[in-house]
Amino acid sequence: MIALVGDILRNASFPAADLEELRQQTLSSIEAQRKEPDALVGTALARHGDPYPRGDVRHARSFDERVEDAKAVTIDQVRAFHTRFYGASHAQFSASGEMDDSA
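Report follows, based on the coordinates. Quantities reported herein were computed from a predicted structural model and do not represent experimental measurements. (Residues numbered from 1 in each chain as written. Predicted model: local features only at pLDDT ≥ 70, side-chain atom pairs only at ≥ 80, totals over all residues. Heavy atoms only, no water.)

A few points about the side chain of H59
Tracing the backbone shows H59 in the loop between α3 (37–47) and α4 (63–72). In terms of polar contacts, H59 uses its side chain to reach the side chain of E65, at 3.0 Å. Discounting chain neighbours no more than four positions away, the residues touching H59 are R47, D50, Y52, P53, R54 and E65. (Helix = DSSP H or I, 4+ residues; strand = E, 2+ residues; numbered from the N terminus. Polar contact = N/O pair within 3.5 Å; in protein donor to acceptor, adjacent residues only side chain to side chain. Contact = heavy atoms within 4.5 Å.)

Have a look at this one:
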């Protein structure tokens, strides 16, 4: 089981079709938020006096910017992100209860 988890972390598979499905879900969510008063107010307040340029992680993105960003993501970017930030090199494992040491 531990070997399987390590293999998944090292050699993750993320098919392009799954990215497209996630993209469509994200775009639908953004479009739904455009009609929600809470989301409109939250976005307006966050953007009021926002001193950070687009591209800065602290920048408060508009709905249109969120749509553009969601459409711009590529499968190669997702894979590069996974390679850079995920893996099994610093994994920790703990177990409790009876264990078969030989297994």
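Comments concerning the packing of aromatic side chains
Enumeration according to the criterion identifies one aromatic pair in this entry. Pairing F81 with F85 gives two aromatic rings, centres 4.7 Å apart and planes at 40°, and the pair type is tilted. Separated by four residues within a single helix, F81 and F85 lie in helix α5 (residues 75–85), roughly one turn from each other. (Phe/Tyr/Trp six-rings, centres within 6.5 Å; stacked < 30°, edge-to-face > 60°.)

A short note on the pattern of salt bridges
With the rule as written, the count across this model stands at nine salt bridges. Close ionic contact of R23 with E20 constitutes a salt bridge, the shortest N to O distance being 3.0 Å. Pair noted here: R23 and E20 are both in helix α2 (residues 16–33), with a separation of three residues, about one helical turn. A salt bridge links R54 to E65; the nearest nitrogen and oxygen atoms lie 4.0 Å apart. Highlighted residues: R54 in the loop between α3 and α4 and E65 in helix α4, separated in sequence by eleven residues. For R54, a relative accessible area of 39% translates into the label partly exposed. Judged by its relative accessible area of 13%, E65 is buried. One continuous salt-bridge network, built from bridges that share partners, spans R47, R54, R61, E65, E68 and D69. (Salt bridge = Lys/Arg side-chain N within 4 Å of Asp/Glu carboxyl O. Buried < 20%, exposed > 50% of the residue type's maximum accessible area, 1.4 Å probe, protein only.)

A word on the packing of α2 against α4
Two elements in contact, α2 and α4, have axes whose closest approach is 10 Å; the angle formed by their N-to-C orientations is 175°. The angle between the axes of α2 and α4 places the two elements in the roughly antiparallel class. Side by side, α2 and α4 meet where R23, T26, L27, I30, E31 and Q33 of the first sit next to F63, R66, V67, A70, K71 and A72 of the second. Partitioned by chemical class, the residues of the contact of α2 with α4 number six nonpolar, two polar and four charged. (Axes fitted to C-alpha atoms, helices over the stretch in contact; angles between N-to-C directions. Parallel < 35°, antiparallel > 145°, perpendicular 65-115°, else oblique. Nonpolar A, V, L, I, M, F, W, Y, C, P; charged D, E, K, R; others polar.)

Some remarks on the nonpolar core
L27, I30, A39, F63, V67 and A70 together form the largest nonpolar core, which totals six residues. Elements represented by at least two residues in this core include exactly α2 and α4. Here this core takes three residues from α4, the largest share from any one element. A39 has contacts with Q33 and F63, leaving out every residue within four places of it along the chain. (Core = buried A, V, L, I, M, F, W, Y, C linked by side-chain atoms within 4.5 Å.)

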